[in-house]
Amino acid sequence: MAATPARADTATTTATAQAIIVAPLSLVANQTMNFGRIAPTPAGGTVVLNPDTNACTTTGTIVRVGTCRPAEFSGMGVRRMRVRITLPTTITLTRVGGGGTMTVNNLALDPTPDLVPIGNGNSRRWEIQPNNGIFDFRVGGTLNVGANQAGGTYDGTFVVTVQYQ
């Protein structure tokens, strides 16, 4: 007697496929620049924020307390695409409620291993060519505190330009 073949059963299910497309030419601000709390004096002075070490040093007779933080940015381009980063000359901070301003100058980037200044040594433009297209950098600078600077919170904005080539 011949064996009866087994009945073939089948089962099906639905699965999903997903892809996330990130804008390939993007720049995101991750953290704001913060010089900490500063006690003004009759002579004024500066607070220098080093974007590489996150350290703040002061000149003059001002007293600074609290944590300093450089601004932090992340960018994404295309793998091995050349990226040029440009910073402004100065940032103006205005006292909330009015009555005073301060400036931040000598803006600088942390010396990421692949970061190369463009032009002379005082350039505000740098170039990087990240292998995977993703890069991060920090920005610091020098806060100029006036003599007897009015107390309060000072805010300002600045534009970082990233040109993908």
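Provided above is the structure to which this section pertains.
Nothing here was measured: the structure is a model prediction, and the numbers come from that model.

Chemist: Help me understand the layout of surface pockets, please; the structure alone is not making it clear to me.
Modeler: If you roll a probe as big as a water molecule over the atoms, it shows you where there is empty space left. Taken as a whole, the largest pocket spans an internal volume of roughly 680 Å³. Along the wall of the largest pocket there are 29 residues; nearest its centre are Met33, Phe35, Leu93, Tyr154 and Asp155. Listing elements by their share of the lining of the largest pocket, those giving two or more residues are β1 (26-31), β2 (37-39), β6 (71-76), β8 (91-95), β9 (101-109), β12 (134-145) and β13 (154-155). Partitioned by chemical class, the residues of the lining of the largest pocket number 17 nonpolar, ten polar and two charged.

Chemist: Help me understand the state of the cysteines, please; the structure alone is not making it clear to me.
Modeler: Each disulfide consists of a covalent bond between the sulfur atoms of two cysteine residues. A complete count under the given rule lists one disulfide for this structure. What pairs with cysteine 56 in a disulfide is cysteine 68, and their sulfur atoms sit 1.8 Å apart. Between cysteine 56 and cysteine 68 the disulfide shows an S-S torsion of about -115°. By sign, it is left-handed. Here the residue cysteine 56 occupies a position in strand β4 (residues 56-60), and cysteine 68 occupies one in the loop between β5 (63-65) and β6, the gap between them amounting to twelve residues.

Chemist: Just checking my understanding: could you explain the packing of aromatic side chains for this structure?
Modeler: The geometry of an aromatic ring pair comes down to the distance between the two centres and the angle between the two planes. All told, the structure shown has three aromatic pairs when counted by the stated rule. Taking the centre distance of 6.3 Å and the plane angle of 80° together, the rings of phenylalanine 73 and phenylalanine 158 count as edge-to-face. On the criterion of sequence distance, the pair formed by phenylalanine 73 in strand β6 and phenylalanine 158 in the loop between β13 and β14 (161-164) is long-range, its members being 85 residues apart. Owing to a relative accessible area of 9%, phenylalanine 73 belongs among the buried residues under this scheme. Overall, phenylalanine 158 belongs to the partly exposed group, its relative accessible area being 23%. With 6.3 Å between their ring centres and 10° between their planes, phenylalanine 135 and phenylalanine 137 make a pair best called stacked. Site record: aromatic cluster; members linked through ring pairs are Phe73, Phe135, Phe137 and Phe158.

Chemist: Help me out: how do you make sense of the environment of glycine 44 in this one?
Modeler: Position of glycine 44 relative to the elements: it lies in the loop between β2 and β3 (45-49). Glycine 44 sits in the buried class, given a relative accessible area of 2%.

The rules we used
- Residues numbered from 1 in each chain as written.
- Predicted model: local features only at pLDDT ≥ 70, side-chain atom pairs only at ≥ 80, totals over all residues.
- Heavy atoms only, no water.
- 1 Å grid on protein atoms, 1.4 Å probe; cavity = no way out; pocket = protein on both sides within 12 Å on 5 of 7 lines; lining within 4 Å.
- Points joined across faces, edges and corners; volume = space filled by probe spheres on them.
- Helix = DSSP H or I, 4+ residues; strand = E, 2+ residues; numbered from the N terminus.
- Nonpolar A, V, L, I, M, F, W, Y, C, P; charged D, E, K, R; others polar.
- Disulfide = S-S within 2.5 Å.
- Phe/Tyr/Trp six-rings, centres within 6.5 Å; stacked < 30°, edge-to-face > 60°.
- Buried < 20%, exposed > 50% of the residue type's maximum accessible area, 1.4 Å probe, protein only.

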